[in-house]
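Spelled out, the chains give:
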Amino acid sequence: MTPGAMAGGSPLEQRVRSAVATHRGDRGALLPILHDIQAEFGYVDAAVVPILAEELNLSRADVFGVISFYDDFRDSPAAGTVVRVCRAEACQAGGAEAVFEHAKQCHATVTLEQVFCFGNCALGPAVEVNGRLSGRVDAKRLDTLIANANPNDRNASPNDRAVKA
């Protein structure tokens, strides 16, 4: 079957093929396609691997290798609120370690992840809660951000995310 030949299929398959069509002409299209899928569904289902391999003329191992290499991609839906704490040097200097430990000890129901740079170094420590990036976060502010987290923001695209000081 040629890439893009299947008109029907499951909603997941249709969405994956639509993301491929959007980025087909892009150089290095796999990463933006994976980001689109992750933004829409909240994770990258294993079922997308053979579809992407076929559509992009890549091996399944190549597609899986990219998905498994980058921490941004998860293979199952996140539980509860997603909290991502920057652990890069500038944020560490501002107290990110304490924020991360506080989240680990006090917020057992969140999905806690570490990131190594949001590019928000001047406002460190930086924390993303359900896709919303905030700077100058301490333990108290983290508690407030989690308490006010909007579950609809979990799958927001990076362009929809506001940076708050």
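Everything below is about the structure printed above this text.
Residues numbered from 1 in each chain as written. Predicted model: local features only at pLDDT ≥ 70, side-chain atom pairs only at ≥ 80, totals over all residues. Heavy atoms only, no water.

Peer 1: I keep staring at the environment of alanine 103 and nothing clicks. Help me out?
Peer 2: Locating alanine 103 in the fold gives a position in helix 6 (residues 96-106). If sequence neighbours within four positions are ignored, alanine 103 has contacts with Leu112 and Leu142. (Helix = DSSP H or I, 4+ residues; strand = E, 2+ residues; numbered from the N terminus. Contact = heavy atoms within 4.5 Å.)

Peer 1: Where do I start with the nonpolar core in this structure?
Peer 2: For soluble globular proteins, nonpolar side chains are generally found buried alongside one another. Within the largest apolar cluster, 19 residues are counted, with the highest numbers of intra-cluster contacts made by Val16, Ile33 and Leu52. When contributions to this core are tallied by element, the ones reaching two or more residues are helix 1 (11-23), helix 2 (30-41), helix 3 (48-56) and helix 4 (60-69). The element that contributes the greatest number of residues to this core is helix 3, accounting for six residues. Ignoring any residue separated from it by four or fewer positions in sequence, one finds isoleucine 33 in contact with Ala19, Val20, His23, Leu52 and Leu56. If you look at the next biggest cluster of nonpolar residues, it comprises 18 residues, including Cys86, Ala88, Cys91 and Leu142. (Core = buried A, V, L, I, M, F, W, Y, C linked by side-chain atoms within 4.5 Å. Buried < 20%, exposed > 50% of the residue type's maximum accessible area, 1.4 Å probe, protein only.)

Peer 1: Mind showing me how you'd approach the packing of helix 2 against helix 4 here?
Peer 2: A pair of packed helices is captured by two measures, namely the crossing angle of their axes and the spacing between those axes. Contact geometry of helix 2 with helix 4 gives a least axis separation of 11 Å together with a crossing angle of 60°. Here helix 2 is positioned oblique relative to helix 4, judged by the angle of their axes. Along this stretch, helix 2 crosses helix 4, giving a crossing that reads as right-handed. Side by side, helix 2 and helix 4 meet where Leu30, Leu31 and Leu34 of the first sit next to Val63, Val66 and Ile67 of the second. Considering only residue class, the contact of helix 2 with helix 4 consists of six nonpolar, no polar and no charged. (Axes fitted to C-alpha atoms, helices over the stretch in contact; angles between N-to-C directions. Parallel < 35°, antiparallel > 145°, perpendicular 65-115°, else oblique. Left-handed = near helix turned anticlockwise from the far one by under 90°. Nonpolar A, V, L, I, M, F, W, Y, C, P; charged D, E, K, R; others polar.)

Peer 1: Help me out: how do you make sense of unusual backbone geometry in this one?
Peer 2: Where the residue is not glycine, phi is negative for most of them; where a peptide bond is considered, it is trans in most cases. The linkage connecting glycine 124 with the following residue, proline 125, adopts the cis geometry, with an omega of 0°. In this fold, proline 125 is placed in the loop between strand 2 (111-115) and strand 3 (127-129). Even without glycine at this site, cysteine 117 takes up a positive phi of about 115°. Looking at where cysteine 117 falls in the secondary structure, it is placed in the loop between strand 2 and strand 3. By relative accessible area, cysteine 117 is classed as partly exposed at 37%.

Peer 1: Would you mind showing me how to read the packing of aromatic side chains here?
Peer 2: The geometry of an aromatic ring pair comes down to the distance between the two centres and the angle between the two planes. Here the structure, examined in full by the defined rule, presents two aromatic pairs. With a centroid separation of 4.9 Å and 90° between ring planes, the pair formed by phenylalanine 69 and tyrosine 70 is classed as edge-to-face. Judged by its relative accessible area of 61%, phenylalanine 69 is exposed. A relative accessible area of 36% means that tyrosine 70 is categorised as partly exposed. When the ring of tyrosine 70 is compared with that of phenylalanine 73, the centres are 6.3 Å apart and the planes differ by 85°; the resulting orientation is edge-to-face. Seen from the ring of phenylalanine 100, arginine 87 lies directly overhead, with NZ or CZ sitting 4.1 Å from the centre. (Phe/Tyr/Trp six-rings, centres within 6.5 Å; stacked < 30°, edge-to-face > 60°. Lys NZ or Arg CZ within 6 Å of the ring centre and 35° of its normal.)

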